[in-house]
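# Breakdown of the fold
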Amino acid sequence: MKKILMIGTGGTIASLKTENGLTPGLTTQDILSYIPAVEHICEVETTQVCNLDSTNVTSDHWKLIVKTIEDNYHRFDGFVVCHGTDTLAYTAAALSYMVQDSAKPIVVTGAQKPINLDVTDGKTNLLDSFIYASDDDAWNVNIVFGGKVIAGTRAKKERAKSYNAFASINYPYRAIIQDGRLIRYIYQPKPSDDAVKFSYNMVESVCVLKLTPGIKPEIMKFLFEHHRCLIIESFGVGGVPGYLVDTLREEIENGKEQGKFAVVTTQVANEGSDMTVYEVGKRIKQELGLIESYDMTLEATITKLMWIMGQDVSSYEEMKKLFYKPINFDTLIQKSIS
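Now for a look at the structure at hand. (Residues numbered from 1 in each chain as written. Predicted model: local features only at pLDDT ≥ 70, side-chain atom pairs only at ≥ 80, totals over all residues. Heavy atoms only, no water.)

## Some remarks on the packing of aromatic side chains
Tallied over the full model, the rule gives ten aromatic pairs. Aromatic side chains W139 and F329 sit 6.5 Å apart centroid to centroid with 70° between the ring planes, which places their arrangement in the edge-to-face category. With W139 in the loop between α4 (122-133) and β8 (140-145) and F329 in the segment after α9 (316-323), this pair connects stretches of sequence that are 190 residues apart. Residue W139 is classed as buried on the basis of its relative accessible area, which comes to 9%. Between Y294 and Y324, the ring centres sit 5.9 Å apart and the planes meet at 50°, which makes this aromatic pair tilted. (Phe/Tyr/Trp six-rings, centres within 6.5 Å; stacked < 30°, edge-to-face > 60°. Helix = DSSP H or I, 4+ residues; strand = E, 2+ residues; numbered from the N terminus. Buried < 20%, exposed > 50% of the residue type's maximum accessible area, 1.4 Å probe, protein only.)

Below, the structure is given as structure tokens:
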């Protein structure tokens, strides 16, 4: 049997009812006791790195998870991280950049209902996660939720209450799990056992500006003043209102010496951006040399930029090149960085 380490962080799956609402209270060992069938799948050890609502998760908690995986990497065949659903997609994306080329599976899962309820998705999601983590062909960071296996960089929470909360954005599901049976759609050969790389430097100086009709340029100036990177959630395939262009150009020019820059993504979840389609996007991209996220999720865009800013990158062009390098299937679009 495979040896799997279960890492607890809290979340709905670990929550108990209180007079103030649901709050994490079950330990990782408590959670495991609700799926006795796991003893027929793998050997499990448990550890707890925190016990909180995932709304409160920061990069410090990502580092705790990564440190736990690194410290135990050679003792176990795989890892299952129990996590709250609200920021689960961010954590899975962050782990994809912080733990790269892992020949061992790192599964992130959770639940929409606490596992101690009579009606819950927690038991199925957790058992499915151990099934996937024990599979010989499983590797790298993936989410297992609602019977689907999603690449860690491709997930988005699309439903607040339903059990099928997560979708894979602009990329197929890696596999599905039905009635305890794993059906794999996409197969990729594993990296070597010694290829894994761990990284801990995550710079949180990134902010998202969601464009709305009539938004004031002063908001952009304020955000640039307090952050190194500004992600602009544009309209459609990458449209930026013309009256914002002068402010954006000024802020980028003034912030160059401090290493400040902007990245353009889209508010539309599926099919990605392409700023070259319309004049309102093409001109500004060419003039300012903007980075564009294309088919990446917002969660992957944010966490990848945090990771890149934490690396030893000496120039904007190097940063741009690293952003466009595919990591854990985060992008399928190969673009020139010129």
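## Comments concerning the environment of A195
By the secondary structure assignment, A195 is in the loop between β13 (181-184) and β14 (197-198). Distance in space between the C-alpha atoms of A195 and P241 is 45 Å, their sequence separation being 46 residues. In this structure, A195 is in contact with Q100 and D101, ignoring residues within four places of it in sequence. (Contact = heavy atoms within 4.5 Å.)

## A look at the side chain of S15
Tracing the sequence through the fold places S15 in strand β2 (residues 15-16). Among the polar contacts made by the side chain of S15, one reaches the main-chain carbonyl oxygen of G11 at a distance of 3.0 Å. Discounting residues that sit within four places of it in the chain, S15 has contacts with L22, T23, P24, G25, L26, P114 and N116. (Polar contact = N/O pair within 3.5 Å; in protein donor to acceptor, adjacent residues only side chain to side chain.)

## Concerning the packing of helix α8 (residues 298-309) against α9
One can describe the packing of α8 onto α9 by two numbers: an axis separation of 10 Å at closest approach and a directional angle of 135°. By the criterion of interaxial angle, the relationship of α8 to α9 is oblique. Both α8 and α9 take part in a crossing whose hand is right-handed. In contact with T301, K304, L305, W307, I308 and M309 of α8, α9 contributes M319, L322 and F323. For the contact of α8 with α9, the class distribution of residues is seven nonpolar, one polar and one charged. (Axes fitted to C-alpha atoms, helices over the stretch in contact; angles between N-to-C directions. Parallel < 35°, antiparallel > 145°, perpendicular 65-115°, else oblique. Left-handed = near helix turned anticlockwise from the far one by under 90°. Nonpolar A, V, L, I, M, F, W, Y, C, P; charged D, E, K, R; others polar.)

## Topic: the sheet that holds strand β17 (residues 261-266)
The strand order β15-β16-β17-β18 describes an open sheet built from four strands, whose pairing is parallel. Of all the strands in the sheet, just β15 (206-210) and β18 (291-292) have a single pairing partner and so form its edges. Two elements, β17 and β18, share two bridges in a ladder whose sense is parallel. Pairing of V263 across the sheet is with I291, part of β18. (Pairing = 2+ DSSP bridges.)

## Here's the deal with the sheet that holds strand β7 (residues 105-109)
Read from one edge of the open sheet, eight strands run β4-β1-β5-β7-β8-β9-β12-β13, paired in mixed fashion. Unpaired on one side and paired on the other, β4 (43-52) and β13 mark the two borders of the sheet. Neighbour-to-neighbour, the strand axes of this sheet turn through a mean angle of 25°, independent of strand direction. Note that β8 and strand β9 (residues 148-151) share four bridges and pair antiparallel. Following the sheet pairing, F145 is matched in β9 by K148. Sheet strands in contact with helix α2 (residues 59-72) are β1 (3-10), β4, β5 (78-82) and β7, and its direction is about 160° off that of β4. Against the sheet, helix α3 (residues 88-98) contacts β7 and β8, and its axis sits at roughly 160° relative to β8.

## Comments concerning the side chain of E292
Relative to the helices and strands, E292 is located in strand β18. Judged by relative accessible area, which is 0%, E292 ranks as buried. Among the polar contacts listed, one links the side chain of E292 to the backbone nitrogen of D274, at a separation of 3.1 Å. A distance of 2.7 Å separates a polar atom in the side chain of E292 from a polar atom in the side chain of K285. Those residues within four positions of E292 in sequence are excluded, and the remaining contacts are V237, V264, S273, D274, M275, K285, F323 and Y324.

## A look at unusual backbone geometry
Look at N140: it is not a glycine, yet its phi comes out positive at around 65°. For N140, the position within the fold is in strand β8. Phi is positive for F329, close to 65°, though the residue is something other than glycine.

## Focus: the pairing of β5
Regular strands show a simple pattern: their side chains alternate between the two faces of the sheet. By the criterion of burial, β5 is predominantly enclosed, with five of the five residues buried. One ladder, built from five bridges, connects β1 with β5; its direction is parallel. Bridge pairing in β5 places I7 opposite V81. Direction of pairing for β5 relative to β7: parallel, over a ladder of four bridges. Opposite V80, over in β7, you have V107 as the bridge partner.

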